[in-house]
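# Descriptive analysis of the structure
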Amino acid sequence: MTSENHGKAKGDSALVMSPTGSSSQAAPLTPSTSKAIQELPDELIQAGWAKCWSKRENRPYYFNRFTNQSLWEMPVLGQHDVISDPLGLNAAPASGEGAGDGGLGNGQRKRRPSEEAIQGGPNSFKRPRVEVPVTPTTPTIPISPSTPGAKPWNSTSDDKQAQPSTPAPAPYRPSVIYWDLDIQTNAVIKERPPYDYLPPHPEIELQRAQLTTKLRQHYHELCSQREGIEPPRESFNRWLLERKVVDKGVDPLLPSECDPAVSPSMFREVMNDIPIRLSRIKYKEEARKLLFKYAEAAKKMIESRNATPDSRKVVKWNVEDTMNWLRRDHSASKEDYMDRLEHLRKQCGPHVTAVAKDSVEGICSKIYHISAEYVRRIRQAHLNLLKECNITVDGVENAEVQDRLVYCYPVRLSIASPPQPRVELHFENEVACLRYKGEMVKVSRGHFNKLELLYRYSCIDDPRFEKFLSRVWCLIKRYQVMFGSGVNEGTGLQGALPVPVFEALNKQFGVSFECFASPLNCYYKQFCSAFPDIDGFFGSRGPFLSFSPVSGSFEANPPFCEEFMDAMVTHFEDLLEKSSEPLSFIIFVPEWRDPPTPALTRMESSRFRRHQMTVPAFEHEYRSGSQHVCKREEMYYKAVHGTAVIFLQNNAGFAKWEPTTERIQELLAAYKVPGRSLSSPGPSSSSAVDKDSKPGQERSASMDAPGSRDNSSPVDKTAPETANV
């Protein structure tokens with residue numbers, strides 16, 4: 001029976017037969033019909049096969065409730081599934097030549113356990129086998145047992161469970177997989193106690209989301225009321241990053257204990273947009289208009305603020321000189337206008353900065369103190385919720401850990417998780433929708449299945465998946481709130497390297513770990529991420545700046561916040577200095593030379609630098625930061641700047657994973673994907689982007705692609721990987 005007969009159960013008034021030949025429907029079989037029905041072997045019944053009667057064709061047929069496959073002839077044990085395996089690559093060999101693992105004969109490999117679980121089938125809910133190398137130092141970390149034959153989470157439907165003879169819906173099979181969760185880790189750490197983070201709960205996550213959105217609104221209002229400008233794009237997201245470098249507070253997202261209270265990142269970005277925000281210019285008339293607006297805004301600001309007489313004189317004279325030049329010179333080119341604007345900024349900028357300094361510091365300070373108050377509210381609500389569930393927080397004794405080396409393992413929490421509320425799940429085509437109290441979050445079905453696999457590998461306190469949906473809702477809501485609600489806002493914080501590059505890194509340099517990722521965009525199942533309290537259930541090893549591996553090979557694609565990158569380089573060098581075991585970090589950062597970032601300069605002069613190369617601009621790509629919800633054709637886009645790839649290794653790491661010429665060539669070749677032309681530079685990028693823009697210019701696009709830089713601000717950077725601290 002071919003695929004055109006696949007839906008015969010719908011077209012026919014089918015009778016599904018039990019093993020004894022009796023019908024599972026009310027209509028009895030006639031004696032002549034019952035004689036024609038043969039009993040099925042137990043092996044076929046266990047594999048999901050049932051014998052049915054086609055009224056339309058007046059003949060029996062065989063239906064598999066696991067795969068929705070239909071056959072006219074009795075199925076044969078070991079026959080391949082034509083739906084999930086049309087070429088028979090995973091079929092059991094008949095005999096003789098071709099038997100065993102090597103019998104595929106066509107260079108194809110068998111499906112990996114994680115792929116089989118994603119593609120469904122009778123064993124789709126069984127836990128993939130984890131083959132971690134066993135050594136005397138391997139930690140004995142329990143993993144949730146498999147639950148064969150059961151749903152991986154509690155159903156949100158009130159319908160009764162279907163009868164065994166009822167055909168199951170066809171399993172979801174993603175067409176493309178952007179991860180490889182079967183690669184085992186080579187990262188070794190010292191055994192560590194569980195973290196004392198409060199366990200996540202949808203009610204608390206909803207409150208945190210509402211207060212963070214309110215904090216963004218406060219920031220917008222302060223910039224508008226005090227300085228008459230819009231908040232610099234993505235500056236709030238970078239503020240969250242920069243604060244987490246120094247924050248000692250208890251909230252995983254909002255800062256509350258920082259010194260100093262005024263953020264250098266937010267201060268510089270706001271100051272850079274005063275008196276007006278400068279945008280990238282394409283045409284002469286736009287340049288003339290921008291020069292006029294800047295002159296008017298500078299004059300107005302210096303007259304309305306408490307400026308010194310000398311400052312007033314300098315600004316007034318330069319503005320009048322610029323106005324006179326604009327009135328008499330009508331043949332100026334775009335370059336002439338931009339040169340004049342740069343001159344005016346140099347002359348007036350210091351005086352404008354002096355009069356705005358106190359006001360901008362007040363904005364930064366107020367946002368920080370509002371955030372600290374919100375953290376206090378969230379914390380109190382969280383403690384009250386745990387108290388109602390009879391869960392104690394104070395006096396919780398951490399499990400004793402031995403002073404030994406172990407392979408890295410996911411974050412564990414020392415505080416018990418409270419009962420989780422109902423979260424509704426439904427699917428809209430290729431999108432999984434999860435709803436809690438009217439708040440809906442969405443994720444592609446492929447990434448939803450990925451989260452299920454990561455949860456199976458990593459979670460140890462929920463073997464029946466009773467808390468799975470609520471934790472997925474909290475996870476997606478956390479990252480959604482962190483990114484912001486603007487169009488394409490924050491997606492640069494989630495971008496990732498292309499799949500072929502990850503494959504080459506693993507094959508050539510033994511990379512099995514991402515230093516900056518998330519459960520949504522990770523390629524390996526071993527990674528560090530921003531939010532250990534929720535990401536730990538999906539495989540996170542915690543924030544990288546508090547993660548101290550002794551050995552292993554790592555990929556690092558950090559968020560491009562100046563203070564954060566500096567802290568990252570310091571952490572790299574400390575780890576490489578302390579360890580005598582093989583340790584290697586391969587870092588991907590945009591090659592910004594006008595001016596170079598301090599972190600890039602430090603890495604280039606580091607004594608651990610073994611090799612450095614550059615992937616040219618517009619000749620390579622990144623995976624979109626919204627990969628878990630975007631369309632397939634929007635998954636990749638060009639990098640608008642060159643990418644610097646730097647190898648930092650200690651002596652043992654260099655001996656084991658030396659960046660030889662052959663290995664480097666393989667890595668560069670992975671960037672060139674055959675059969676696909678590179679898409680445009682970012683979802684909304686302007687095609688007219690200079691590699692090294694002049695100060696005072698910036699991209700007018702709604703989102704910077706990874707590797708792009710907003711030159712109107714020394715720190716306006718977006719990252720091609722998740723923001724993690």
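Counting starts from 1 at the beginning of each chain's written sequence and moves along it residue by residue. It should be noted that, the model being predicted, local features are given only for residues of pLDDT at least 70 and side-chain atom pairs only at 80 or more, the latter also being counted only at that level, while totals for whole chains, interfaces and linings use all residues. Side-chain metrics rest on all non-hydrogen atoms present in the structure, leaving aside hydrogens and water.

## Describing the overall build of the protein
Only DSSP runs of H or I covering at least 4 residues are called helices, and only runs of E covering at least 2 are called strands; the numbering of each starts at the N terminus. A count of helical and extended segments in the protein gives 18 helices and 18 strands. Taking as baseline every contact in the protein between residues at least 6 positions apart, the subset at least 24 positions apart corresponds to 72%. Accessible areas in this description were obtained via Shrake-Rupley with a 1.4 Å probe; residue shielding takes into account the shown protein chains only. Here the protein displays about 32,600 Å² of accessible surface, and carbon together with sulfur accounts for 49% of that area. Residues count as neighbours in contact if any of their non-hydrogen atoms are within 4.5 Å of one another.

## Structural notes on the packing of helix α6 (residues 235-246) against helix α15 (residues 562-578)
Axes here mean lines fitted to C-alpha atoms, for a helix over just the part in contact, with angles spanning 0 to 180 degrees between N-to-C directions. It is at 8 Å that the axes of α6 and α15 come closest, and there the two elements cross at 40°. As far as their axial angle goes, α15 and α6 are oblique. Here α6 and α15 pass one another in a crossing that is left-handed. For the pair α6 and α15, contact is made by L241, E242 and V245 and by E563, F564 and A567, respectively. Each angle receives one of four descriptions, namely roughly parallel if under 35 degrees, roughly antiparallel if over 145, roughly perpendicular if within 65 to 115, and oblique otherwise. Left-handed describes a crossing whose near helix is turned anticlockwise from the far helix through less than a right angle; right-handed describes the clockwise counterpart.

## Some points on the sheet that holds strand β8 (residues 431-436)
For two strands to be treated as a pair, DSSP must find no fewer than two bridges joining them. Strand order in this open sheet of 3 strands is β7-β8-β9, and the pairing throughout is antiparallel. Each end of this open sheet is capped by a strand with a single partner; those strands are β7 (424-428) and β9 (439-444). Averaged over all adjacent pairs, the angle separating strand axes in this sheet is 25°, with direction ignored. Sheet analysis places β8 next to β9, joined by 6 bridges and oriented antiparallel. Across the sheet, the residue bridging to R435 is M440, located in β9.

## Examining helix α10 (residues 334-388)
The span you would expect from a helix comes to 1.5 Å times its residue count less one. End to end, α10 covers just 67 Å across 55 residues, shorter than the expected 81 Å (1.5 Å per residue, more than 12% under). The bend reported for a residue corresponds to the angle between axes fitted to the seven residues ending at that residue and the seven starting there. At A356, α10 shows its largest kink, close to 50°.

## Focus: empty space enclosed by the protein
It is a probe the size of a water molecule, rolled over the atoms, that shows where empty space is left. Space inside and on the surface of the protein is sampled on a 1 Å grid over the protein atoms alone, with a cavity defined as a set of points where a 1.4 Å probe fits but cannot get out and a pocket as an open set with protein on both sides within 12 Å along at least 5 of 7 lines; lining residues have an atom within 4 Å of a point. Grid points are joined across faces, edges and corners, and a volume is the space filled by probe spheres set on the points. Scanning the model with the defined rule gives 4 cavities of 30 Å³ or more in all. For the largest cavity, the calculated volume is near 120 Å³. In terms of lining residues, the largest cavity is bounded by 13 residues, among which R208, V250, D251, P252 and H382 are the most central. Mapped by element, the contributors of at least two residues to the lining of the largest cavity are α5 (202-227) and α10. Top element by residues in the lining of the largest cavity is α10. It accounts for 4 residues.

## Let's talk about the pairing of strand β11 (residues 549-556)
Across the 8 residues of β11, 8 count as buried, placing the element largely inside the fold. For strand β5 (residues 188-190) and β11, the ladder comprises 2 bridges, and the chain directions are antiparallel. Across the sheet, residue V188 finds its bridge partner in β11, namely S551. In terms of strand pairing, strand β10 (residues 513-514) meets β11 through 2 bridges, oriented parallel. Within β11, the residue paired with F513 across the bridge is F554. When β11 meets strand β12 (residues 583-590), the two strands line up parallel, connected through 5 bridges. Bridge assignment links G552 to a residue of β12, and that residue is L583. By the criterion used throughout, a crossover qualifies as right-handed when its path from the first strand across the helix to the second strand runs clockwise, the strands pointing away from the viewer. Each parallel crossover has a hand, and for β11 linked through α15 to β12 it is right-handed. Three exposure classes are used, based on accessible area relative to the maximum for each residue type with a 1.4 Å probe and protein chains only: buried under 20%, partly exposed in between, and exposed over 50%.

## Considering the packing of aromatic side chains
Paired rings are identified among Phe, Tyr and Trp, the last through its six-membered ring, by centres lying within 6.5 Å, and are further divided according to the angle between planes into stacked (under 30 degrees), edge-to-face (over 60) and tilted (the rest). Counted according to the given criterion, the structure contains 26 aromatic pairs. Ring geometry for F502 and Y524: centres 5.6 Å apart, planes at 85°, overall edge-to-face. Taken together, the residues span a long stretch of sequence, with F502 in helix α13 (residues 499-509) and Y524 in the loop between β10 and α14 (532-535) at a distance of 22 residues. For the pair shown, F502 and Y524 are each scored as buried.

## Describing the packing of α5 against α6
Between α5 and α6, the shortest axis-to-axis distance is 11 Å and the interhelical angle comes to 115°. Relative to α6, α5 is oriented so that their crossing is right-handed. In this structure, α5 uses T212, L215, R216 and Y219 to contact α6, whose residues at the interface are S235, F236, N237 and W239. Any residue that is not Ala, Val, Leu, Ile, Met, Phe, Trp, Tyr, Cys, Pro, Asp, Glu, Lys or Arg is counted as polar, Gly included; the first ten are nonpolar and the last four charged. Its residues placed into classes, the contact of α5 with α6 shows 4 nonpolar, 3 polar and 1 charged.

## Some remarks on the pattern of salt bridges
Between side chains of opposite charge, a pair can form when the charged atoms approach closely. Between Lys or Arg on one side and Asp or Glu on the other, a salt bridge is scored when a side-chain nitrogen of the former is within 4 Å of a carboxyl oxygen of the latter. Tallied over the entire structure, the rule returns 26 salt bridges. Between E361 and K357 there is a salt bridge; the shortest N-O distance is 2.9 Å. Here E361 and its partner K357 are both found in helix α10, 4 residues apart, which amounts to about one turn of the helix. Classification of E361 as partly exposed rests on a relative accessible area of 26%. As a salt-bridge pair, R471 and D461 come within 2.9 Å of each other at their nearest N and O atoms. Linking R471 in helix α12 (residues 468-483) with D461 in the loop between α11 (445-458) and α12, this pair joins segments that are 10 residues apart in sequence. Among the charged side chains, a salt-bridge network with shared partners connects E205, R208, D251, R478 and D533.

## Quick word on the side chain of E205
As for its position among the elements, E205 is in helix α5. The exposure class assigned to E205 is buried, which follows from its relative accessible area of 3%. At 2.7 Å, the side chain of E205 forms a polar contact with the side chain of R478. Contact partners of E205, with chain neighbours within four places excluded, come to W473, C474, K477 and R478. Nitrogen and oxygen atoms within 3.5 Å of one another constitute a polar contact, given that in protein one can donate a hydrogen and the other can accept it, and given that sequence-neighbouring residues count only through two side-chain atoms.

## Things to note about the pairing of strand β2 (residues 49-54)
Most of β2 sits inside the fold, with 6 of its 6 residues counted as buried. Neither face of β2 is left uncovered, since the one carrying W49, K51 and W53 and the one carrying A50, C52 and S54 both have all their residues buried. In the sheet, β2 pairs with strand β3 (residues 59-64) via 6 bridges, with the strands oriented antiparallel. Paired with W53 across the strands is P60, a residue of β3.

## Focus: the confidence of the model for the protein
The pLDDT value tells you how sure the predictor is about a given residue, anywhere from 0 up to 100. Residue-level pLDDT values for the protein average 78, and 72% of them are 70 or greater. Note on residues 154-168: pLDDT is under 50 here. Beyond four places in sequence and across chains, it has 18 contacts.

## Observations concerning α12
For an α-helix, the turn length of 3.6 residues means that residues three or four places apart are oriented alike. Between the first and last C-alpha of α12 there are 23 Å, a value that for 16 residues agrees with the 22 Å anticipated at 1.5 Å per step. Counted residue by residue, α12 has 15 buried out of 16 residues, so it is predominantly covered. Where α12 ends, the next residue or the one after it, G484, has phi of about 100°, a positive value.

## Quick look at unusual backbone geometry
With an omega of 10°, the peptide bond running from D259 to P260 counts as cis. Between I274 and P275 the backbone carries a cis peptide bond, its omega angle lying at 10°. By the secondary structure assignment, P275 is in the loop between α7 (264-272) and α8 (284-304). Although it is not a glycine, K437 sits at a positive phi angle of roughly 50°. Looking at the element boundaries, K437 is found in the loop between β8 and β9. For K437, a relative accessible area of 58% puts it in the exposed group. Although it is not a glycine, F465 sits at a positive phi angle of roughly 60°. By secondary structure assignment, the location of F465 is in the loop between α11 and α12.

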